[in-house]
Amino acid sequence: MSLPRSNDTEFQASADTSTPKKAPNSDDVIVVNDEEENLNDEENNDEVNNDEDNAHYTKKKRKKTSTAWVHFCTITNADQNEVHQCIHCGEKFNKFKDGTTTPLNRHIKKYCPKVKAASKGQMKLNISSGKASGSSSIVKNWKFSNVRMREVISHMIMVHGLPFNFVEYELFNVMMKEANPEFEKISRASVRQDCVSSYKLGKKRIQKMLNTVNRVSITTDMWTSVQNIHYMVVTCHFVDSDFDIHKCILSFVDVPPPYSGVHIYDCLFKCLKDWNIEMKVATLTVDNAKTNDVVARKLMDNLNLQKKLPLDGKLFHVRCCAHILNLLVQDGLSEIQDIIHNVRESVKHVGASPGRLHLFSELTKQLQLKKRHLILDVSTRWNATYAMLSTALEFKEVFENYADRESTYTKLPSGDDWKKCKDVCSFLSLFNEATKIISGSEYPTSNLFLIELYVIKDALDTVALEENDCMRSMACKMKEKFDKYWGSTNLLISLGAVMDPRYKMELIKLSFKTIYSPEEAKEEVQVVNDILEDLFNEYIEAHKESNVVRTGGATTGSGSEIRAGSSKSSSSFMTSRFGDGLKSGSAMYAQHITSLDTVERVKSELATYLEEGVYICETGATFDVLGWWKENRLKYRILSKMAADILSVPITTVASESAFSAGGRVVEPHRSCLGTEMVDMLVCGADWYRHYYGLHKKKIKENDDITYIELE
């Protein structure tokens with residue numbers, strides 16, 4: 001997200017970072033700031049009498065304390081008169097009897113050409129402010145700033161998860177000195193304090209953004225660190241006035257026992273209150289743990305008391321769709337647990353020793369296979385199991401040859417097992433693709449899942465009728481779980497699909513025919529229509545109230561202008577008789593017609609949107625749904641706000657779960673002594689400044705839940 005530059009005052013150099021000043025010589029150009037005018041320089045330019053006895057009786061000369069003597073020296077000219085010479089440009093000044101240095105200082109400040117040239121700084125290619133990279137070729141003046149360097153270094157420490165003592169590494173300081181000799185060494189204590197300052201500045205920026213939005217969506221999850229401390233991450237999602245979607249971590253706090261739903265709710269509400277958004281929360285996305293049901297219910301009850309929730313909270317509790325897909329597929333995979341076990345043990349056997357890995361690698365080279373790694377899954381993640389099976393299928397012949405040469409290998413899957421693996425992987429590719437699509441946090445996802453759900457249901461119905469016993473039983477188990485979670489209309493993903501101009505109600509009608517029976521489909525379509533109308537009416541009322549408030553606020557001003565244009569006698573008479581709050585006839589009529597316009601005209605926005613044809617996108621082209629609403633916000637003034645709020649809702653907790661990988665890097669075994677407040681600061685700060693510089697997390701592999709066994 002684009003954030004303004006911070007003030008350098010937060011990063012004042014501390015005492016431990018100061019370095020000794022070099023004595024000036026004839027080749028140096030020293031620039032004196034205005035503030036140095038009143039400072040005293042302790043340097044004495046006179047020679048000291050070496051005769052200690054005579055020194056007690058010799059009258060000492062007064063020390064030269066003016067800063068002018070840093071830039072001037074006293075010489076004797078050809079006439080044997082003492083004069084003051086500028087050490088930069090060589091200009092000479094007569095010596096004044098009273099010792100005044102005003103002309104000397106004036107010369108340095110305004111007229112010395114070398115000092116003026118040095119004060120401009122060195123030249124550097126311009127780089128776009130706040131971005132990690134830029135292509136601008138504009139040349140501008142630039143001056144090195146240790147304050148700015150300390151600020152950027154603190155950002156680097158947080159974003160890249162570096163230790164505080166990184167700034168004390170010898171070669172780091174050698175590199176920085178080579179880059180700019182003016183760089184001042186920083187201590188670990190100083191950079192720690194700089195990180196705190198950066199965190200506070202980043203928090204102010206995020207708070208300023210949150211103050212401009214009316215509704216936000218929250219995702220939250222729990223994680224246990226190597227310190228055996230339970231952390232709760234709270235992530236906020238919203239769309240700003242420019243229709244840009246934002247995701248930021250608000251808090252990464254420890255949750256003390258007991259870990260009950262009520263206690264977790266208390267911790268969550270405290271976080272929301274700290275950010276002053278407790279009344280702005282529109283939805284809460286969590287996984288299917290029972291404690292999360294308690295958290296969602298209590299928070300919804302609290303917000304309903306304040307009448308802050310749309311549709312009385314019908315959209316508030318969002319269950320993580322990726323988690324539901326995981327449960328659904330895990331039920332299906334239970335039908336081939338023996339095959340999965342054999343494949344998993346086969347991969348473990350190959351990676352158990354360097355000798356086995358070398359043998360397997362040689363066999364791979366003989367068969368000229370391009371893939372150079374095996375995958376070991378995490379059993380609780382179905383997509384990791386899918387990746388393991390699909391990769392093992394490519395090494396089917398290698399495993400068979402490996403079994404002939406390695407007598408201790410006894411878990412080779414049979415030919416029938418390999419065939420089942422192939423069928424299962426082909427079937428699960430639909431689920432894998434759907435999971436990838438809905439797991440994004442940098443783009444809207446609520447509008448993308450219904451079409452994937454429709455394809456999945458169609459595939460389940462088809463596979464459930466197959467003659468293959470294994471696949472049929474798998475599909476039947478998965479259908480039971482599907483009906484449990486999506487047997488009734490999921491309002492959020494349905495409304496999200498309607499707010500996508502490519503789908504509107506057409507996708508609802510098409511997909512519901514597959515997901516439900518014909519009679520149920522008609523009922524569910526009507527439910528979506530009714531909810532859509534009710535929600536839109538709420539937005540109309542909210543817009544009407546805000547419009548009346550704005551009109552009322554502007555009435556005084558417009559009335560004043562009208563009175564100013566009238567005769568002074570009439571104006572003074574009306575004011576004296578009825579007071580300053582009197583509205584003119586024009587103002588009253590303007591308020592009336594604006595109120596009618598608000599109610600009657602915007603009511604047709606939803607109908608107009610639905611009656612128009614769907615937007616047809618080119619095959620393979622990327623479609624920016626928020627960009628479409630931004631372009632049409634003048635046409636759909638109210639509906640565009642409603643669409644932005646719906647599209648900003650995440651349908652998975654992936655954004656929160658990704659913070660745990662960052663937390664794992666921060667609270668690694670070597671840094672397990674970090675306090676919980678410092679962990680919160682580093683994790684949140686890393687997220688904020690990653691967006692500040694326009695950086696994205698680089699994934700070395702596609703899945704963080706798997707182990708890669710690299711072949712030679």
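Scroll up to find the structure.
Residues numbered from 1 in each chain as written. Predicted model: local features only at pLDDT ≥ 70, side-chain atom pairs only at ≥ 80, totals over all residues. Heavy atoms only, no water.

Pairing in this open sheet of three strands is antiparallel, and the strands run E1-E2-E3 from one edge to the other. The outermost strands of the open sheet, each flanked by one partner alone, are strand E1 (72-76) and strand E3 (92-94). Across the sheet, the mean angle from the axis of one strand to that of its neighbour is 35 degrees, orientation sign disregarded. In the sheet, E1 pairs with strand E2 (residues 82-86) via five bridges, with the strands oriented antiparallel. Paired with Ile-75 across the bridge in E2 is Val-83. (Pairing = 2+ DSSP bridges. Helix = DSSP H or I, 4+ residues; strand = E, 2+ residues; numbered from the N terminus. Axes fitted to C-alpha atoms, helices over the stretch in contact; angles between N-to-C directions.)

A few words now on helix H12 (residues 382-394). In this model H12 runs 19 Å from its N-terminal to its C-terminal C-alpha over 13 residues, within 8% of the 18 Å that 1.5 Å per residue would give. Extensive coverage of H12 is indicated by the burial of 10 of its 13 residues. Those residues of H12 that sit buried are Trp-382, Asn-383, Ala-384, Thr-385, Tyr-386, Ala-387, Met-388, Leu-389, Thr-391 and Ala-392. Here the buried face of H12 lies against helix H9 (321-333), helix H10 (337-350), strand E11 (373-376), helix H13 (396-405) and helix H14 (415-438). (Expected span 1.5 Å × (residues − 1). Buried < 20%, exposed > 50% of the residue type's maximum accessible area, 1.4 Å probe, protein only. Contact = heavy atoms within 4.5 Å.)

Counted by the stated rule, this structure contains 21 salt bridges. For Lys-95, the salt bridge goes to Glu-82, with nearest N and O atoms at 2.6 Å. Remark: Glu-82 occurs in strand E2 and Lys-95 occurs in the loop between E3 and helix H2 (102-111); sequence separation between them is 13 residues. For Glu-82, a relative accessible area of 40% corresponds to the partly exposed category. A salt bridge links Asp-687 to Lys-247, with the shortest nitrogen-to-oxygen separation between them at 3.2 Å. Of this pair, Asp-687 sits in helix H25 (residues 676-692) while Lys-247 sits in strand E8 (residues 245-254), placing them 440 residues apart in sequence. Through salt bridges with shared partners, a single ionic network connects Lys-457, Asp-461 and Lys-479. (Salt bridge = Lys/Arg side-chain N within 4 Å of Asp/Glu carboxyl O.)

All right, on to a negative patch on the surface then. Together, Asp-312, Asp-530, Glu-533, Asp-534 and Glu-538 make up a negatively charged patch on the protein surface. With respect to the element layout, Asp-312 can be found in the loop between helix H8 (290-305) and strand E10 (317-319). The exposed category is assigned to Asp-312, whose relative accessible area is 61%. (Patch = residues over 30% accessible without salt bridge, like charges linked within 9 Å, V, L, I, M, F, W, Y side chains within 5 Å. Areas by Shrake-Rupley, 256 points an atom, 1.4 Å probe, with all protein chains shown as cover. Lys, Arg positive; Asp, Glu negative; His and termini not counted. Charge placed at Lys NZ, Arg CZ, Asp CG, Glu CD.)

Okay, the sheet that holds strand E7 (residues 230-239) next. The strand order across the open sheet built from five strands is E8-E7-E6-E9-E10, with neighbouring strands paired in mixed fashion. At either margin of the open sheet sits one strand with a lone partner, and together these are E8 and E10. The average undirected angle you get between the axes of adjacent strands in this sheet is 25 degrees. Here strand E9 (residues 281-286) runs beside E10; their pairing, made up of three bridges, is parallel. Looking at E10, one finds that Thr-285 is bridged to Val-318.

What follows is about the pairing of E2. Here E1 folds back onto E2 in antiparallel fashion, the turn holding five residues, of which Gln-80 has a positive phi close to 65 degrees. In terms of strand pairing, E2 meets E3 through three bridges, oriented antiparallel. Its bridge partner lying in E3, His-84 is registered against Phe-93. Between the end of E2 and the start of E3, which pair antiparallel, lie five residues, with Gly-90 showing a positive phi angle near 85 degrees.

On to the packing of aromatic side chains, then. Scanning the model with the defined rule gives 30 aromatic pairs in all. Ring centres of Trp-223 and Phe-252 lie 6.0 Å apart, and the angle between their planes is 50 degrees; this geometry places the pair in the tilted category. You can see Trp-223 sitting in strand E6 (residues 216-224) and its partner Phe-252 sitting in strand E8, a full 29 residues away along the chain. Taken individually, Trp-223 and Phe-252 each receive the classification buried, so the pair is uniform in this respect. (Phe/Tyr/Trp six-rings, centres within 6.5 Å; stacked < 30°, edge-to-face > 60°.)

Attention now goes to the side chain of Ser-361. Mapped onto the elements, Ser-361 comes out in helix H11 (residues 354-366). On the basis of relative accessibility, which here comes to 0%, the residue Ser-361 falls in the buried class. Ignoring sequence-local partners within four residues, the contact set of Ser-361 consists of Leu-711 and Glu-712.

Attention now moves to the pairing of E6. Counting buried residues in E6 gives seven out of nine residues, a clear majority hidden from the surface. The pairing of E6 with E9 spans four bridges and is classified as parallel. The residue bridging Val-216 from the neighbouring strand is Val-281, located in E9. Here E6 runs beside E7; their pairing, made up of eight bridges, is antiparallel. Looking across to E7, one finds that Thr-220 is bridged to Val-234. Taken together, E6 and the strand that follows it, E7, pair antiparallel across an intervening segment of five residues, in which Asn-228 is found at a positive phi of about 65 degrees.

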